[in-house]
Amino acid sequence: MNLNKVIRLLAIFSIIGGFFRALMCPLALVWGMNSPQELTAGVLGTLFMGLGIFGLYFSAQKEFGKLGFRGFILYAIGSFILMGMVFTSLVFAVYDPKVLQMDMPPIPILIASSFMMVTVMLSMILLGIAVLKTKVFSAVPAILLALAPILNFIPFVTDFSVLAWGVPFMWFGVEVLKKTQGREVVENLSSENRNL
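1. Here we look at the environment of Ser-35
At step 1: Relative to the assigned elements, Ser-35 resides in the loop between helix H1 (3-31) and helix H2 (36-58).
At step 2: With 58 residues separating them along the chain, Ser-35 and Ala-93 place their C-alpha atoms 6.6 Å apart.
At step 3: Here Gly-32 takes part through its backbone oxygen, which lies 2.9 Å from a polar atom of the side chain of Ser-35.

This is the structure:
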């Protein structure tokens, strides 16, 4: 499997992850925040988006530059901490829901949560700006991604902020698939010419 095929697989993971992240919104509206249904979508979304970000970044790593690299690293670190946190919340939601209703979570969770929030939110803003600056992907999903952390703090909109997070990952994943499709055709033609 060559690098192009790996990037395409990771782009598919980005689409799957974005779908599950966006799915958290209707699941939360139907079953409530921190419901097992919403948290399961959150775990799957975070896992696939955490893998998918590698495909998005490596599909245009030269164009992304230092700003894109910083956003990528912060997102990669923050998303896997987030996945652990969401998985922990899912376990509590199923086995001990009272923990999720506590005013003050346990200190290790509080520290990890604060670090994760800063890294993930900052990474989303940096990635959005990097995309707008370099034009490696479309502007609309980049703007949505950069606004998602801000929307999270606006009343009445906060419940829909996961859409502004999930949709860009699906959109970017589709764009990577289209971009790499052309590369795959060229690679296949050149390998056929070598065989002649």
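2. Re the packing of H1 against H2
At step 1: Between H1 and H2, the least distance of the axes is 6 Å, while the angle of their chain directions is 155°. As judged from the angle between their axes, H1 and H2 are roughly antiparallel. Crossing geometry of H1 relative to H2 is assigned as left-handed.
At step 2: Along the lines of polarity and charge, the residues of the contact of H1 with H2 split into 17 nonpolar, nine polar and two charged.

3. Notes on unusual backbone geometry
At step 1: A positive phi angle, close to 60°, is found at Lys-135, a residue other than glycine.
At step 2: In this structure, Lys-135 sits in the loop between helix H4 (107-134) and helix H5 (139-151).
At step 3: Here Phe-156, not a glycine, exhibits a phi torsion of approximately 75°, which is positive.
At step 4: The exposure class of Phe-156 is exposed, given its relative accessible area of 79%.

4. Let's talk about the packing of aromatic side chains
The geometry of an aromatic ring pair comes down to the distance between the two centres and the angle between the two planes.
At step 1: The full count for this structure, using the stated rule, is 13 aromatic pairs.
At step 2: Pairing Tyr-57 with Phe-69 gives two aromatic rings, centres 6.1 Å apart and planes at 55°, and the pair type is tilted. In this pair, Tyr-57 sits in helix H2 while Phe-69 sits in helix H3 (residues 61-95), placing the two residues twelve residues apart along the sequence.
At step 3: The exposure class of Phe-69 is partly exposed, given its relative accessible area of 40%.
At step 4: By the ring-pair criterion, three or more aromatic residues cluster together here, those being Phe-54, Tyr-57, Phe-58, Phe-64, Phe-69, Phe-72, Phe-137 and Phe-172.
At step 5: The ring of Trp-165 is capped by Arg-21, whose NZ or CZ atom sits 4.1 Å from the centre of that ring.

5. Quick look at the nonpolar core
At step 1: Counting 33 residues, the largest nonpolar core has Phe-64, Tyr-75, Phe-137, Trp-165 and Phe-169 as the members making the most contacts within it.
At step 2: If you tally residues by element for this core, the top one is H3, at seven residues.
At step 3: If we skip the residues at most four places from it in the chain, Phe-64 touches Leu-56, Tyr-57, Ala-130, Val-131, Thr-134, Val-136 and Phe-137.
At step 4: In this structure, Phe-20, Met-24, Leu-27 and Ala-41 belong to the second largest nonpolar core, which totals six residues.

Here is what the cut-offs are and how they apply
- Counting of residues starts from 1 at the beginning of each chain's written sequence and follows it residue by residue.
- Per-residue local features of the predicted model are confined to residues with pLDDT of at least 70, and side-chain atom pairs are confined, for both listing and counting, to 80 or more; whole-chain, interface and lining totals are unaffected and use all residues.
- Values reported for side chains reflect all heavy atoms of the structure, with hydrogen atoms and water molecules removed beforehand.
- By the criteria applied, helices consist of DSSP H or I runs no shorter than four residues and strands consist of E runs no shorter than two, each listed in order from the N terminus.
- Residues adjacent in sequence count toward polar contacts only when both atoms are side-chain atoms; beyond that, a polar contact is any pair of N or O atoms within 3.5 Å, and within protein one must be able to donate a hydrogen and the other to accept it.
- Between the N-to-C directions of two axes lies an angle of 0 to 180 degrees, each axis being a line fitted to C-alpha atoms and, for a helix, fitted only over the stretch in contact.
- For this classification, under 35 degrees means roughly parallel, over 145 means roughly antiparallel, 65 to 115 means roughly perpendicular, and everything else is oblique.
- Definitions for this section: a left-handed crossing has its near helix turned counterclockwise from the far helix by less than a right angle. A right-handed crossing has that turn clockwise.
- Polar here means any residue other than Ala, Val, Leu, Ile, Met, Phe, Trp, Tyr, Cys and Pro, which are nonpolar, and Asp, Glu, Lys and Arg, which are charged; Gly is therefore polar.
- Three labels apply to residues, based on accessible area from a 1.4 Å probe with only protein chains included: buried if under 20% of the type maximum, exposed if over 50%, partly exposed otherwise in between.
- Each aromatic pair joins two rings of Phe, Tyr and Trp (for Trp, the six-membered one) with centres within 6.5 Å, and gets the label stacked for planes under 30 degrees apart, edge-to-face for over 60, and tilted for any other angle.
- Put simply, a charge is over a ring when the Lys NZ or the Arg CZ is close to the ring centre, within 6 Å, and near the line of the ring normal, within 35 degrees.
- We call a set of buried residues a nonpolar core when its members are Ala, Val, Leu, Ile, Met, Phe, Trp, Tyr or Cys and they connect through side-chain atoms within 4.5 Å of each other.
- Throughout, a contact is declared for two residues whenever any of their heavy atoms are within 4.5 Å.

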